[in-house]
Amino acid sequence: LIHYLTETAKLQALDDLVAGFQEEYPDVTVNVEAMSMDNYTDVIKLRFSTDEAPDIIFGQPKSYSDLVENGLIKDLSGYDFVSRMTDSSQECVTVDGKQYGVALDQMCNVVFYNKDIFEELGLSIPTTYSEFISTCQALEDAGITACAAGYTDDIGIGANWYTIYYGSKWNQAPDNAQELMDGASFGDYPGYTEALEQWREIMVDYKTIDTARAEQLFATGETGMIIIGTWGLGAILDFNPEGNFGGFTYPSEENADDVYIPVNIDDCWMVSESTDNEEAALAFLEYASRSDVNAEWCGTTAQLSALEGVPTDNLPAAAQDIANEVATKKNAAWASLSTFVGQYSTVYYNVLRDFALDDEMTAEELIQAMDDGFATARK
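> It is not clear to me how the overall build of the protein should be interpreted in this structure. Could you clarify?
A tally of regular secondary structure across the protein gives 17 helices and 14 strands. The C-alpha radius of gyration computed for the protein amounts to 20 Å, which stays within 12% of the reference 21 Å derived for 379 residues, consistent with globular compactness. Taking the principal axes of its C-alpha atoms as reference, the protein extends roughly 60 × 50 × 35 Å. Burial status across the protein gives 56% buried among its 379 residues.

> Explain the pairing of strand 12 (residues 268-271) here, please?
The side chains of a regular strand alternate, first on one face of the sheet and then on the other. Side chains Cys268 and Met270 of strand 12 all project onto a buried face; the interleaved residues Trp269 and Val271 project onto the opposite face, where all are buried too. Judged from the 3 bridges that link them, strand 3 (residues 56-58) and strand 12 form a sheet pairing that is antiparallel. Looking at the pairing, phenylalanine 58 lines up with tryptophan 269 of strand 12. Alignment of strand 6 (residues 102-103) against strand 12, held across 2 bridges, turns out to be antiparallel.

> How should the environment of arginine 47 be read in this particular structure?
Looking at the element boundaries, arginine 47 is found in helix 2 (residues 40-49). Not counting the four nearest positions on each side in its chain, arginine 47 is found in contact with Ile2, Glu33, Glu52, Ala53 and Pro54.

> Would you mind going over the packing of helix 6 (residues 129-141) against helix 10 (residues 190-202) with me for this structure?
Packed helices, taken two at a time, are described by their axes: the angle between them and the distance between them. Running from amino to carboxyl end, helix 6 crosses helix 10 at an angle of 15°, the nearest separation of the two axes being 11 Å. Put simply, helix 6 runs roughly parallel to helix 10. Here the hand of the crossing between helix 6 and helix 10 comes out right-handed. Contacts from Tyr129, Phe132 and Ile133 of helix 6 reach helix 10 at Gln198, Glu201 and Ile202. Here the contact of helix 6 with helix 10 is built from residues that sort into 4 nonpolar, 1 polar and 1 charged.

> Whenever I open this one, the side chain of glutamine 198 confuses me. Can you help?
Structurally, glutamine 198 is set in helix 10. Residue classification places glutamine 198 among the buried residues on the basis of a relative accessible area of 7%. Not counting residues up to four positions away in its chain, the partners in contact with glutamine 198 are Tyr129, Ile164, Lys169, Tyr250 and Ser252.

> Just to check I follow, could you spell out unusual backbone geometry for this structure?
For residues that are not glycine, phi is negative in most cases, and the peptide bond is trans in most cases. Phi at aspartate 51 is positive, roughly 55°, even though this residue is not glycine. Note that aspartate 51 resides in the loop between helix 2 and strand 3. Positive phi outside glycine occurs at alanine 302, with the angle close to 60°. Looking at the secondary structure, you find alanine 302 in the loop between helix 14 (291-301) and strand 13 (304-305).

> Hey, could you run me through the pattern of salt bridges in this one?
Between side chains of opposite charge, a pair can form as their charged atoms come close. Inspection of the entire model under this criterion finds 15 salt bridges. Where glutamate 33 meets arginine 47, a salt bridge forms, and the shortest distance between an N and an O atom there is 2.8 Å. With glutamate 33 in strand 2 (residues 33-34) and arginine 47 in helix 2, this residue pair connects regions lying 14 residues apart in the sequence. Since its relative accessible area comes to 34%, glutamate 33 is described here as partly exposed. A relative accessible area of 19% means that arginine 47 is categorised as buried. Connected through shared salt-bridge partners, Glu24, Arg84, Glu286 and Arg290 make up one network.

> Please explain the environment of tyrosine 206 as it appears in this structure.
You can see tyrosine 206 is positioned in the loop between helix 10 and helix 11 (211-219). Residues tyrosine 206 and alanine 356, spaced 150 residues apart in sequence, show a C-alpha to C-alpha distance of 9.4 Å.

Cut-offs used in this document
- Residues numbered from 1 in each chain as written.
- Predicted model: local features only at pLDDT ≥ 70, side-chain atom pairs only at ≥ 80, totals over all residues.
- Heavy atoms only, no water.
- Helix = DSSP H or I, 4+ residues; strand = E, 2+ residues; numbered from the N terminus.
- Rg over C-alpha atoms; globule rule 2.2 N^0.38 Å.
- Buried < 20%, exposed > 50% of the residue type's maximum accessible area, 1.4 Å probe, protein only.
- Pairing = 2+ DSSP bridges.
- Contact = heavy atoms within 4.5 Å.
- Axes fitted to C-alpha atoms, helices over the stretch in contact; angles between N-to-C directions.
- Parallel < 35°, antiparallel > 145°, perpendicular 65-115°, else oblique.
- Left-handed = near helix turned anticlockwise from the far one by under 90°.
- Nonpolar A, V, L, I, M, F, W, Y, C, P; charged D, E, K, R; others polar.
- Salt bridge = Lys/Arg side-chain N within 4 Å of Asp/Glu carboxyl O.

This is the structure in structure tokens:
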């Protein structure tokens, strides 16, 4: 089994999952290999090309649709454990009408905030972009950094960008990923420019720290907010188990009714078509997707389940806040449609990284770099 998980809570949840599985299946040994997200895709492709593919692969099928289309990922359609996922989660693992993965939890891109700091300063949860900027300014005026961020790894960059763009802005043109890979320009979609300008306005100088350090800064009260996926909450609570935290939808619009919360599956597992251990790999996915096992996973990771009927009583308060947001706000299930794959995905992350690390790079320059990179990828 290969993955790129880094958060302490998720690593603990994976250890617990493997231990529970091996207790039930003592004749099976699970070898777990961790990798950096930064070169994960390239390594996976190399493993397949050298006939050394892992049996179980961490990742979402739509992000690896090139592997799926080349017949390298096993079709899981028809297995009972696949039907345990919610309808939206099943959509997220479906490529060309077939299901290629099992998701354990859902990821929402949100803003977590320190309730004690907000109460002390008399701040309320912002519901529009102007209110959000005013909240940031009030925190700064009080000598508290508004938002934590760590830009030395792609996870931190993605956490900020996916929160800011993949809600309301993405919903303005939900099919744009495929259209861009087919030849459209990023400049054809105003939402990209608007989101980039917001990101630049919010962005602080955290170019020398990683996501873990940003989570620690927020957890210990050095910042009032952190823009991140719900996957980060487990690590935040590890740094401060007694922290009084809440969560809300990033308000990218001036009309609160136009605000969408980005929702996607998060931790997902695929099976190699060429596995020599198919029976054991399928048994692992069946075990991981049991309601009681998944409840433990979500309790440890502080994530919302991707499965039907899993109890949420053990979720921390901030996660409960987000569960309420998902239930009451408009959802942007961006990964249920097309996403960037292969070289397009590489270009996308590389250029976003350039923007995050270069204060002088404009939205127009990013769009040109994206267009140039995508044109090269199409050749």
